[in-house]
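# Structural overview for review
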Protein chains: 2
Amino acid sequence: MNFNEEYEKRIKEIENILRRFLPAGGGYQKVIMEAMEYSLMAGGKRLRPMLMLESFRLFGGKGRIIEPFAAAIEMIHTYSLVHDDLPAMDDDDYRRGRKTTHVVYGEDMGILAGDALLNYAFETACKTFELEPDASARIGQAMKIMAEKSGIYGMIGGQVVDVRESGQKISGDMLDFIYRLKTGALIEASVMAGAVLAGATADETAQMEQIARKVGLAFQIQDDILDVTGTAETLGKPVHSDEKNEKTTYVTWKGLEESGNEVARLTEEAIGLLRDTGRDSDYLEALFKWLIYREK
Amino acid sequence: MNFNEEYEKRIKEIENILRRFLPAGGGYQKVIMEAMEYSLMAGGKRLRPMLMLESFRLFGGKGRIIEPFAAAIEMIHTYSLVHDDLPAMDDDDYRRGRKTTHVVYGEDMGILAGDALLNYAFETACKTFELEPDASARIGQAMKIMAEKSGIYGMIGGQVVDVRESGQKISGDMLDFIYRLKTGALIEASVMAGAVLAGATADETAQMEQIARKVGLAFQIQDDILDVTGTAETLGKPVHSDEKNEKTTYVTWKGLEESGNEVARLTEEAIGLLRDTGRDSDYLEALFKWLIYREK
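These lines cover the structure that appears in this document, whether it is placed above or below.

Scoring rules and cut-offs
Residues numbered from 1 in each chain as written. Chains lettered and ligands numbered in written order. Predicted model: local features only at pLDDT ≥ 70, side-chain atom pairs only at ≥ 80, totals over all residues. Heavy atoms only, no water. Helix = DSSP H or I, 4+ residues; strand = E, 2+ residues; numbered from the N terminus. Rg over C-alpha atoms; globule rule 2.2 N^0.38 Å. Buried < 20%, exposed > 50% of the residue type's maximum accessible area, 1.4 Å probe, protein only. Lys, Arg positive; Asp, Glu negative; His and termini not counted. Charge placed at Lys NZ, Arg CZ, Asp CG, Glu CD. Contact = heavy atoms within 4.5 Å. Buried area = accessible area lost by both parts, 1.4 Å probe. Salt bridge = Lys/Arg side-chain N within 4 Å of Asp/Glu carboxyl O. Polar contact = N/O pair within 3.5 Å; in protein donor to acceptor, adjacent residues only side chain to side chain. Least-squares fit on C-alpha atoms with pLDDT ≥ 70 in both. Phe/Tyr/Trp six-rings, centres within 6.5 Å; stacked < 30°, edge-to-face > 60°. Lys NZ or Arg CZ within 6 Å of the ring centre and 35° of its normal. Disulfide = S-S within 2.5 Å. Axes fitted to C-alpha atoms, helices over the stretch in contact; angles between N-to-C directions. Parallel < 35°, antiparallel > 145°, perpendicular 65-115°, else oblique. Left-handed = near helix turned anticlockwise from the far one by under 90°. Nonpolar A, V, L, I, M, F, W, Y, C, P; charged D, E, K, R; others polar.

Turning our attention to the overall build of chain A. Secondary structure assignment for chain A yields 16 helices and 2 strands. For chain A, the C-alpha radius of gyration of 19 Å lies close to 19 Å, the compact-globule estimate for 296 residues. Each principal axis of the C-alpha distribution contributes one length, and for chain A these read about 55 × 50 × 35 Å. Looking at chain A as a whole, 60% of its 296 residues are labelled buried. Averaging the coordinates of the 36 positive side-chain charges in chain A and doing the same for the 49 negative ones gives two points 3 Å apart.

Put into structure tokens, the structure is as follows:
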């Protein structure tokens, strides 16, 4: 398998899905649709929809029921970035090498574009009820997972603690909590919703949750490492921002080498669990490995 | 029927439902749950859950499937107020006679509490899938309505235009657009979701949408009137704020008398349509009438 080729193929597939589910129409409120498109189509690794689509395929999922959900999870991820960048939060002017949404459209529209993306994520996922009425129970289950993992017991919960504790020395326990919720929860939601929509059993879905938990943590630790070892050019954002903000990270907590070992260990464990499913997981394995060696 | 008695009974019922669906648990992210409770339990007319419950009953709805949705619609309404009050938006320090959420918890938590309430609304509504698995298709339909009416083609869309055009002279057409979306859409969602969850037909649901459209517009015009004729003490917020902000309202557009006539006319029409359903609508009728004579 040529990973880069397969990866690019999937990126294209996802960009197409996203474009198809962009809000349409003009009207007096046109500006909000532009702001949503600006933030959603800014590129990025598309990791969450990719994991969802792969998980769906892993369990033999067929049909287009997965597409609105794949778009929805990326909308949720994007709204969290748009709000995270606001002046009252991290106050970032650039992301992925482009001006952030509130810088381009104003702070009020930044708030509303985030709200709109979160709401539109559910609106988009709800389209599946008409697409496959017979699958309503499964769709409901996937939506429940997505909502829970995005909320106060998931991503928002992690974000709250991260914002509250920023600039303070925090414990390893709290750092793990933040990473598991702020980054991990949405990655868990991606593979779980993909599995559920494909008709996976509760055990299989729980297994995917475990895999995603390890991958999510490895992913976030790698982000900490890149903040120290990366370049602004490659990352498309300022480096050494953690040090500047006196943030506790895995690197400040355990050092660069030990953090690297942790990423490798978690990834190996995730791959082991993935193989235990006995399914064709070549691409997912390669993706997990790539996530360690990525430079952005 | 003693309207006040019946109204108080329903308010109590709704407060109980809201309390039951408040997020539970402590944890590192406890502060966000406090901020959500602070904003959600601040009182208010509870008009949206009340309309939803009444519409559910009107069509013979049974069981507790309606309760998570009633809580959800009030969470959506509340999040929109929390974000509306932010410094980058209307910058209001008081609402319902109490300090606004961001004043008490900080601007970052104000943003996150709004996000959390919106997300938790869907999380709460999703509980119904487990409550009544056989009703998944109906639940999906109700959720779709709620998402659409809350989003860029509904409430958020109206809010975007309102924020963008504030302080400018706007046309009657645009004013109608803002009122229909910003206030009307969520009131439409309330009665429509209530009807759908009770098993109403598509025609019946569309009829309820028409009724709600009229009631929603009347409600918003009455708000404009109260901003001129009310007192800060009764309203729990500053009066003459529209004049101060040079806002175009129904009162500045059509004058106080004509606006009052419009409220009465819309309400009469809504009651006429309601009677056409041939169902027992005594309380809803009384509620619509009360909304005209309300002083806050």
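Picking up where we left off.
Checked against the element boundaries, B:R10 lands in helix α1 (residues 3-20). Setting aside residues no more than four positions away along its own chain, B:R10 makes contact with B:M50, B:E54, B:R57 and B:Y283.

A separate point is the interface of chain B and chain A. Contact residues are listed per partner, giving 53 residues for chain B and 53 residues for chain A. Around 4600 Å² of area is buried between chain B and chain A when both sides are counted, 72% of it from carbon and sulfur atoms. At the boundary of chain B and chain A, one finds 2 salt bridges. Where B:K144 meets A:E130, a salt bridge forms, and the shortest distance between an N and an O atom there is 3.4 Å. Linking chain B with chain A are 14 residue pairs in polar contact (both at pLDDT 80 or more). Within the residue set of the side of chain B that touches chain A, elements represented by two or more residues are α2 (30-40), α4 (66-84), α6 (107-125), α7 (127-131), α8 (136-150), α9 (155-165) and α10 (172-198) of chain B.

So, on to the relation of the copies chain B and chain A. Mapping between the two chain copies consists of a rotation about an axis together with a translation along that axis. Superposing chain B onto chain A requires a rotation of 180° together with a translation of 0.0 Å along the rotation axis, leaving an RMSD of 0.0 Å. Viewed as a symmetry operation, the transformation between the two copies matches a two-fold axis. Residues of chain B ranked by C-alpha distance from the rotation axis are headed by B:S136, positioned 2.7 Å from it. When the interface residues of chain B are mapped onto chain A, 100% of them again fall at the interface, so both copies present the same face.

All chains considered together, the criterion is met by 18 aromatic pairs over all chains. Note on A:F122 and B:F122: the rings are 4.3 Å apart at their centroids and 5° apart in plane angle, and the pair reads as stacked. Of this pair, A:F122 sits in helix α6 (residues 107-125) while B:F122 sits in helix α6, on two different chains. Residues A:F122 and B:F122 agree in their burial class; the two are buried. Each ring, one from B:Y7 and one from B:W290, has its centre 4.7 Å from the other, and the planes form 45°; the classification is tilted. One end of the pair, B:Y7, is in helix α1; the other, B:W290, is in helix α16 (residues 282-293), and 283 residues separate them in sequence. Its relative accessible area of 24% is what places B:W290 among the partly exposed residues. Here the aromatic cluster, defined as three or more aromatic residues joined through ring pairs, consists of A:F3, A:Y7, A:Y283 and A:W290. Here A:R10 stacks its cationic end above the ring of A:Y283, 3.6 Å away from the centre of that ring.

Right, let's get into the state of the cysteines. Under the counting rule described, the total for this entry stands at 0 disulfides over all chains. There is no disulfide at A:C126, and the cysteine sulfur nearest it, in B:C126, is 8.0 Å away.

Moving on to the packing of helix α4 (residues 66-84) of chain A against helix α9 (residues 155-165) of chain A. Residues and elements named next belong to chain A. In the contact formed by α4 and α9, the axes pass within 12 Å of each other and the chain directions differ by 20°. In terms of orientation, α4 and α9 fall into the roughly parallel class. Along this stretch, α4 crosses α9, giving a crossing that reads as right-handed. Every residue of α9 that contacts α4 at I76, Y79, S80 and D84 is listed here: M155, I156 and Q159. Tallied by class, residues from the contact of α4 with α9 come to 4 nonpolar, 2 polar and 1 charged.

Moving on, we come to the packing of α8(B) against α10(B). All names here are of chain B. Relative orientation of the contacting elements α8 and α10 amounts to 175°, with a least axis distance of 9 Å. Here α8 lies roughly antiparallel to α10, going by the angle between them. From α8, R138, I139, Q141, A142, I145, M146, K149 and S150 reach across to α10, where they touch A185, L186, E188, A189, M192, A193, V196, L197 and A198.

Moving on, we come to the pattern of salt bridges. Scanning all chains against the criterion turns up 50 salt bridges over all chains. A:D84 is the salt-bridge partner of A:K182, the closest N and O atoms lying 3.7 Å from each other. With A:K182 in helix α10 (residues 172-198) and A:D84 in helix α4, the pair connects residues that are 98 residues apart, well separated along the chain. Residue A:K182 is classed as partly exposed on the basis of its relative accessible area, which comes to 23%. Residue A:D84 is classed as buried on the basis of its relative accessible area, which comes to 8%. The partner of B:K149 in a salt bridge is B:E188, and the shortest N-O contact between them spans 2.7 Å. Residue B:K149 is located in helix α8, and its partner B:E188 is located in helix α10; the two are separated by 39 residues in the primary sequence. With respect to class, B:K149 is no different from B:E188; both count as buried. One network of salt bridges, in which partners are shared, links A:E6, A:K9, A:R10, A:E13, A:E54 and A:R57.

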